[in-house]
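# Structure at a glance
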Amino acid sequence: DDFVNLKVTFVTPVLDLDADDESDGFPVTYVHFDVGTVDGFSHTVKVYFDTSAEHVVNDNGHEVAWAREDAADLIAMKVGTTAQNFASSYSDRIDWGYGYVAAPAAETTASGMTSATTARSTFNQGGDATIGDLADDATGPRAADDDWIVLALEFSLPVSKLAPTASAYLML
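Rules of the game
- As a convention, each chain's residues are numbered from 1 in the sequence order in which they are written.
- This being a predicted model, a pLDDT of at least 70 is required before a residue's local features are given, and a value of 80 or more before pairs of side-chain atoms are given or counted; all residues contribute to the totals for chains, interfaces and linings.
- Excluded from the side-chain calculation are hydrogens and water; included are all heavy atoms of the structure.
- Numbering goes from the N terminus for both helices and strands, where a helix is a DSSP run of H or I of at least four residues and a strand is a run of E of at least two.
- Remark: exposure states derive from per-residue accessible area (1.4 Å probe, protein chains only) relative to the maximum for the residue type, with buried under 20%, exposed over 50%, and partly exposed in between.
- The contact criterion used throughout is that any non-hydrogen atoms of two residues lie within 4.5 Å.
- For the area figures, the Shrake-Rupley method with a 1.4 Å probe applies, and any residue is considered shielded solely by the protein chains shown.
- Each Phe, Tyr or Trp ring (for Trp, its six-membered ring) is paired with any other whose centre lies within 6.5 Å, and the angle between the two planes then decides the class: stacked below 30 degrees, edge-to-face above 60, tilted in between.
- As a reminder, the over-ring test applies to NZ of lysine and CZ of arginine, requiring each to be within 6 Å of the ring centre and within 35 degrees of the ring normal.
- When DSSP locates at least two bridges between a pair of strands, those strands are taken to pair.
- Every axis corresponds to a line fitted to the C-alpha atoms, with the helix fit spanning only the stretch in contact, and the corresponding angles, defined between N-to-C directions, vary from 0 to 180 degrees.
- Buried Ala, Val, Leu, Ile, Met, Phe, Trp, Tyr and Cys residues form a nonpolar core when they are joined through side-chain atoms within 4.5 Å.

### Thoughts on the overall build of the chain
Scanning the chain from N- to C-terminus turns up 1 helix and 10 strands. N-terminal to C-terminal, the α/β element order of the chain is β-β-β-β-β-β-β-α-β-β-β. Counting across all 172 residues of the chain, residues that qualify as buried make up 35%. Within the chain, contacts between residues separated by at least 24 positions form 71% of all contacts whose residues are at least 6 apart in sequence. For the chain, the accessible surface area stands at approximately 10200 Å², while carbon and sulfur atoms represent 51% of it.

Following this line, the structure appears as structure tokens:
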């Protein structure tokens with residue numbers, strides 16, 4: 001029996017990086033969540049997303065730090081290596097720069113910077129507990145693979161017969 005439908009769309013704009021145009025920005029991936037009621041009843045669908053520091057290091061043992069960014073009307077978090085050694089390795093994985101996760105600030109959006117185990121187990125408990133109830137991890141910096149830090153978002157999307165669809169998005 002189907003109660004709700006969840007559609008997840010990943011969109012990354014194509015930019016002409018060879019163009020001589022100062023308006024070109026940096027690539028951002030949008031992850032869009034669309035929820036709809038199938039049975040016509042009221043439901044609150046909770047959607048969880050996280051990303052670890054693994055995508056910003058060449059070696060998972062390298063030290064990373066994380067922080068929240070001040071951004072008007074956005075929840076914005078970042079993670080990156082503490083060394084920031086530009087072009088110091090030859091690999092498919094970089095070891096400099098930052099990975100960002102951002103979403104519009106809303107009452108229905110919770111966020112946290114904590115260990116993957118803690119964030120995921122809190123979400124999986126269900127009920128009223130959210131990752132927003134957790135304090136951000138303040139034990140860093142530390143190795144990327146030392147109790148894997150994640151930047152996590154949780155969306156609470158209500159749908160009903162009167163409002164049959166809801167949506168949310170984040171940016172990477």
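Anyway, onward from the coordinates.
### Describing the packing of aromatic side chains
Tallying each qualifying case throughout the model produces 4 aromatic pairs. Between the aromatic rings of Phe-33 and Phe-155, the centroid separation amounts to 5.6 Å while the plane-to-plane angle is 45°, which identifies the pairing as tilted. Within this pair, whereas Phe-33 is found in strand 2 (residues 30–37), its partner Phe-155 is found in strand 9 (residues 149–159), the two being separated by 122 residues in sequence. Like Phe-33, the residue Phe-155 is buried in the burial classification. Its end group placed over the ring of Tyr-98, Lys-78 keeps NZ or CZ at 4.3 Å from the ring centre.

### Describing the pairing of strand 7 (residues 109–115)
With 7 of its 7 residues buried, strand 7 lies for the most part within the structure. Inspection of the sheet shows strand 7 paired to strand 9 by 7 bridges, in the antiparallel sense. For Met-113, the partnering residue across the bridge sits in strand 9 and is Leu-151.

### Some remarks on the sheet that holds strand 3 (residues 43–52)
Overall, antiparallel pairing links the 3 strands, which are arranged 3-9-7 in an open sheet. Looking at which strands have only one partner, the edges of the open sheet turn out to be strand 3 and strand 7. With strand direction ignored, the average angle separating the axes of adjacent strands in the sheet is 20°. Alignment of strand 3 against strand 9, held across 10 bridges, turns out to be antiparallel. Following the sheet pairing, Val-45 is matched in strand 9 by Leu-157.

### Things to note about the nonpolar core
Counting 27 residues, the largest nonpolar core has Val-64, Val-79, Leu-153, Phe-155 and Leu-170 as its most contacted members. Within the residue set of this core, elements represented by two or more residues are strand 2, strand 3, strand 4 (63–69), strand 5 (74–81), strand 6 (98–104), strand 9 and strand 10 (165–171). With 6 residues, strand 9 is the largest single contributor of residues to this core. For Phe-155, the residues in contact, after removing those within four places along its chain, are Phe-33, Val-45, Lys-46, Val-47, Ala-103, Thr-108, Thr-109, Ala-168, Tyr-169 and Leu-170.

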